[in-house]
Amino acid sequence: MHIHRYERWWLTFGISMLIVFLGLIAFAAFADNVNPPSGMQQIDPTKVSKTPPFDKPGLRKLSDGSYEAYYVAEVFAFIPAVLNVPAGSKVTFYVTSADVVHGFFIPETDINMMAVPGWVNEQSHTFSKPGEYLLICHEYCGIGHQNMFAKIEVK
Ligand code: CUA
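My aim in this report is to walk through the structure given alongside it, one point at a time. (Residues numbered from 1 in each chain as written. Predicted model: local features only at pLDDT ≥ 70, side-chain atom pairs only at ≥ 80, totals over all residues. Heavy atoms only, no water.)

**Section: the overall build of the protein**
Then, in step 1: Per the secondary structure count, the protein includes one helix and 11 strands.
Then, in step 2: Counting from the amino terminus, the protein carries its helices and strands in the arrangement α-β-β-β-β-β-β-β-β-β-β-β.
Then, in step 3: Its C-alpha radius of gyration of 21 Å places the protein more than 25% over the 15 Å reference for a compact globule of 155 residues.
Then, in step 4: Counting every position in the protein, which comprises 155 residues, the buried fraction comes to 34%. (Helix = DSSP H or I, 4+ residues; strand = E, 2+ residues; numbered from the N terminus. Rg over C-alpha atoms; globule rule 2.2 N^0.38 Å. Buried < 20%, exposed > 50% of the residue type's maximum accessible area, 1.4 Å probe, protein only.)

Set out below in structure tokens:
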């Protein structure tokens with residue numbers, strides 16, 4: 001089969017770029033430990049309301065001054081519905097679902113996760129700007145999906 005010289009150059013270039021980019025992703029994952037914020041911790045999805053700390057969802061202060069926020073997502077609400085956070089604090093969100101897959105998205109921050117039954121996902125954000133933040137479900141989860149939201153009040 002005859003392949004034109006230019007076509008061969010472009011094929012070589014394209015395949016080389018694929019190898020370079022796949023190599024970079026593998027390097028980031030294994031050498032720099034850059035991974036999706038999921039699959040870190042497992043939980044029995046039928047016993048979420050009885051499993052600490054998800055039996056009492058909400059905010060906890062840590063000894064270093066930062067916070068942990070435990071959230072349960074279920075059709076069609078987040079628990080807690082309102083979270084009060086002092087301005088300037090770093091909050092690590094832990095989220096799981098008690099039923100189907102939900103989204104966990106706080107616009108204007110870097111919090112963007114899925115709430116997956118059976119798993120606890122984790123992501124952190126420092127709320128330097130006071131105000132009212134919306135937490136929304138951005139993963140279609142059923143008939144009440146568009147009403148599934150919560151609030152984070154930063155003062
Ligand atoms: Cu929960 Cu959409």
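**Overview of the pairing of strand S7 (residues 102-106)**
Then, in step 1: A large share of S7 lies buried, amounting to four of its five residues.
Then, in step 2: Both S7 and strand S8 (residues 111-115) contribute to a ladder of five bridges, which runs antiparallel. Paired with phenylalanine 105 across the bridge in S8 is asparagine 112.
Then, in step 3: Connecting the antiparallel pair S7 and S8 is a turn made up of four residues, with glutamate 108 showing a positive phi of about 70°. (Pairing = 2+ DSSP bridges.)

**Things to note about the side chain of histidine 125**
Then, in step 1: Within the secondary structure, histidine 125 is located in strand S9 (residues 119-126).
Then, in step 2: In this structure the side chain of histidine 125 is engaged in a polar contact, spanning 2.6 Å, whose partner is the side chain of aspartate 110.
Then, in step 3: The contacts of histidine 125, once residues within four sequence positions are left out, are Ser89, Lys90, Val91, Thr109, Asp110 and Ile111. (Polar contact = N/O pair within 3.5 Å; in protein donor to acceptor, adjacent residues only side chain to side chain. Contact = heavy atoms within 4.5 Å.)

**What to know about the nonpolar core**
Nonpolar side chains tend to gather and get buried jointly when the protein is soluble and globular.
Then, in step 1: Counting 24 residues, the largest nonpolar core has Tyr71, Phe78, Phe93, Phe104 and Ile152 as the members making the most contacts within it.
Then, in step 2: Elements with a contribution of two residues or more to this core: strand S3 (67-74), strand S5 (82-85), strand S6 (90-97), S7, S8, strand S10 (131-136) and strand S11 (149-154).
Then, in step 3: Tallying contributions element by element places S3 first for this core, with four residues.
Then, in step 4: Setting aside anything within four residues of it in sequence, one finds tyrosine 71 in contact with Phe54, Phe78, Ile79, Pro80, Leu83, Phe93, Tyr94, Val95, Thr96, Phe104, Leu135 and Ile152.
Then, in step 5: With seven residues, the next largest nonpolar core counts Ile43, Tyr70, Tyr94 and Val120 among its residues. (Core = buried A, V, L, I, M, F, W, Y, C linked by side-chain atoms within 4.5 Å.)

**Focus: the packing of aromatic side chains**
Then, in step 1: Going through the model one piece at a time under the given rule, you end up with 10 aromatic pairs.
Then, in step 2: Aromatic pair phenylalanine 78 and phenylalanine 104: ring centres 5.7 Å apart, planes at 90°, arrangement edge-to-face. With a gap of 26 residues between them, phenylalanine 78 in strand S4 (residues 77-79) and phenylalanine 104 in strand S7 connect regions that are remote in the sequence. For the pair shown, phenylalanine 78 and phenylalanine 104 are each scored as buried.
Then, in step 3: Between the aromatic rings of phenylalanine 93 and phenylalanine 127, the centroid separation amounts to 6.1 Å while the plane-to-plane angle is 75°, which identifies the pairing as edge-to-face. In this pair, phenylalanine 93 is assigned in strand S6 and phenylalanine 127 in the loop between S9 and S10, connecting sequence segments 34 residues apart.
Then, in step 4: A residue is classified by how much of its surface remains accessible, and phenylalanine 93, at 0% relative accessible area, is buried. (Phe/Tyr/Trp six-rings, centres within 6.5 Å; stacked < 30°, edge-to-face > 60°.)

Shape is all these values report; function is a separate question.
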